[in-house]
Structure formats: structure tokens, C-alpha cells
Amino acid sequence: MSFQVVIPARYASTRLPGKPLLSIAGRPMIEHVWRRANQSGADGVLIATDDERIESAARAFGAEVIMTSPTHPSGSDRLAEVVGRMGWSDETIVVNVQGDEPLLPPANVAQVAALLEKHPGAALATLMTPLTEPADFEDPNVVKVVADHRGRALYFSRAPIPWPRDGRPPAGTRLGWRHIGLYAYRVGALKGLAAMAPTGLELTEKLEQLRALECGMAIAIAEAGEVPGPGVDTPEDLARVARHLQTLRDGG
């Protein structure tokens, strides 16, 4: 299987300015992400940024970097610029790996690329994991997804979906599915998405993947083979990830 990986990385962050360059276990966070992406079997791994500090740091640890426009409103828009400049064919599969996921299993990157290859009628593919905690199910920061029996996403929401009308299932059972923000695109579909204006559902939920669904694009989805570790959005997340990596180093 042939696929490319692009890691969009921005310096600006409301809660953690300079997030990609924050040190975790002696390395900048973006390096941890890049190293894991390189273990996925991808043909190539690119870091896409608009910041010279990130470019300099990434080149220092050996990454291939492409500088992009600072005006992109989203990571997928930055990704679309990259695929256009690289000249990849419309059938090329490219995986968008978020730059704040230093614990993302490399197997998940390969899995989402293989999932898209397996579904020729899909424009993109993504992954999900079971939701069993009521607090997570009702948390608007946890994106939920429902899918059909063919393995295609029906809807993504910040609301708890599907809502159990007759009361919650017993504790410990699956309440729904958590969406993992990892995407594989066909280059042609990515270019088409980036050329479209944001849609009503997308603007309401603030979920970019709803643009694809609202415009009739199929999204293949499957349960992740490995549950990813936490991403980094807050100082508490950063400390948690650092502890986890230290535990791995210590053989725990």
C-alpha cells in the first residue's frame, strides 16, 4: 500500500502558544509525532507549517518541511496546499496527522490509509473508539460519530449521539463512538473539499468533516485497532503525556 503523511503544525495556540515546540521527554512535541508517523510505513512524511521556528526545529531533527500560507483557516486547507505543490495524483492517499498527538499509534496511521484503499467509493476515511464513560459521552469537546452497517459515517456531533431515549445502558457498556481526528484523503477529494465554502452543519457544530457529508462525500470509518493516547491541548495534557512517555522509557 502506498500513502503519504502530512503533519500540519501551527505555532499559535490559545491555551498553549508554541505547542508543537514544547518539550516532552527532551524532544519537541512535533518530533514525537513525526517519529511515530515515520513508523507507519508511509512513503513519505512531511511537516507543513507557516512558522520559521517550527521549520528550523523540524529540519534540525531531520524532517522534510514545506512552508505554507499563514492564512489557512484549517489543517485540511494547509494540507490541500501541500498536495497541490507536491503534484500528487488525484488518487494518491494522504493521511493528515495532527501535530499535537505525540502518542498516536503508528498502526492507526497505516490502518486509516488501508481503510480508504479498501473503500474505493469513499472520499476519505477515519477511525473511532468506543465511548463507555457518561462524562465523555456528554462532553461537547468529545466528538461523537454514528455509522451505518457498511462502515460509512452517518453524522458527527458534539452532542451525545445516539441519545438513549429509554435511559442509559448499564455502566461499562458502550454508549456511543468517539471520533478520532485522524483522516486519510484521496487527493482529488481533498482538493474538492478545500474549494468548497463551509456548510451550515459544519458552521453549527464547528466540525469540518461535516462539510464532506453535507456535500455528499462518503466517509469510511472503522474501529481503531489501537486506542490512541491523549492529545495535548492544555498544560495538564502535556504533563500527562510526559509521564506516559517516561513510563515507557522506564519499561513500565
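Remember, predicted model here, so these are calculated numbers, not experimental data.

### Details of the overall build of the protein
Counting secondary structure elements, the protein contains 9 helices and 11 strands. Relative to the 2.2 N^0.38 estimate, which gives 18 Å for 252 residues, the radius of gyration of the protein is 18 Å and therefore close to what a compact globule would have. Each principal axis of the C-alpha atoms in the protein carries an extent, and together these give about 55 × 45 × 35 Å. Within the protein, the proportion of its 252 residues that are buried is 50%. For the protein, the share of sequence-separated contacts (at least 6 apart) that also reach a separation of at least 24 residues comes to 68%. A total accessible area of about 11700 Å² is found for the protein, and carbon and sulfur atoms account for 51% of it. The average position of the 26 basic charges and that of the 30 acidic charges among the side chains of the protein differ by 1 Å.

### Focus on the pattern of salt bridges
All told, the structure shown has 14 salt bridges when counted by the stated rule. The partner of D100 in a salt bridge is K19, and the shortest N-O contact between them spans 3.0 Å. Of the two residues, D100 is situated in the loop between strand 6 (93-96) and helix 4 (106-118) and K19 in the loop between strand 1 (4-9) and strand 2 (23-24); the sequence distance between them amounts to 81 residues. We note that D100, like K19, is buried. The residue D50 makes a salt bridge to R78 at a minimum N-O spacing of 3.7 Å. Of the two residues, D50 is situated in the loop between strand 4 (44-49) and helix 2 (52-60) and R78 in helix 3 (residues 75-86); the sequence distance between them amounts to 28 residues. Through salt bridges that share partners, K19, D100 and D233 make up one connected network.

### Structural notes on the pairing of strand 5 (residues 64-67)
Note that strand 4 and strand 5 share 4 bridges and pair parallel. Opposite I47, over in strand 5, you have V65 as the bridge partner. Handedness of the crossover joining strand 4 and strand 5 through helix 2: right-handed.

### Description of helix 2
Every buried residue of helix 2 is accounted for by I54, E55 and A58. Looking straight down helix 2, one finds that the buried residues subtend no more than 100° of arc, so they occupy a single side. Away from its buried face by more than 90 degrees, helix 2 exposes E52 and A60. Here the buried face of helix 2 lies against strand 1, strand 4 and strand 5. Just downstream of helix 2, G62 is the residue with a positive phi angle, here 100°.

Parameters and conventions
Residues numbered from 1 in each chain as written. Predicted model: local features only at pLDDT ≥ 70, side-chain atom pairs only at ≥ 80, totals over all residues. Heavy atoms only, no water. Helix = DSSP H or I, 4+ residues; strand = E, 2+ residues; numbered from the N terminus. Rg over C-alpha atoms; globule rule 2.2 N^0.38 Å. Buried < 20%, exposed > 50% of the residue type's maximum accessible area, 1.4 Å probe, protein only. Contact = heavy atoms within 4.5 Å. Areas by Shrake-Rupley, 256 points an atom, 1.4 Å probe, with all protein chains shown as cover. Lys, Arg positive; Asp, Glu negative; His and termini not counted. Charge placed at Lys NZ, Arg CZ, Asp CG, Glu CD. Salt bridge = Lys/Arg side-chain N within 4 Å of Asp/Glu carboxyl O. Pairing = 2+ DSSP bridges. Right-handed = clockwise from strand over helix to strand, strands pointing away. Arc of directions from axis to C-beta.

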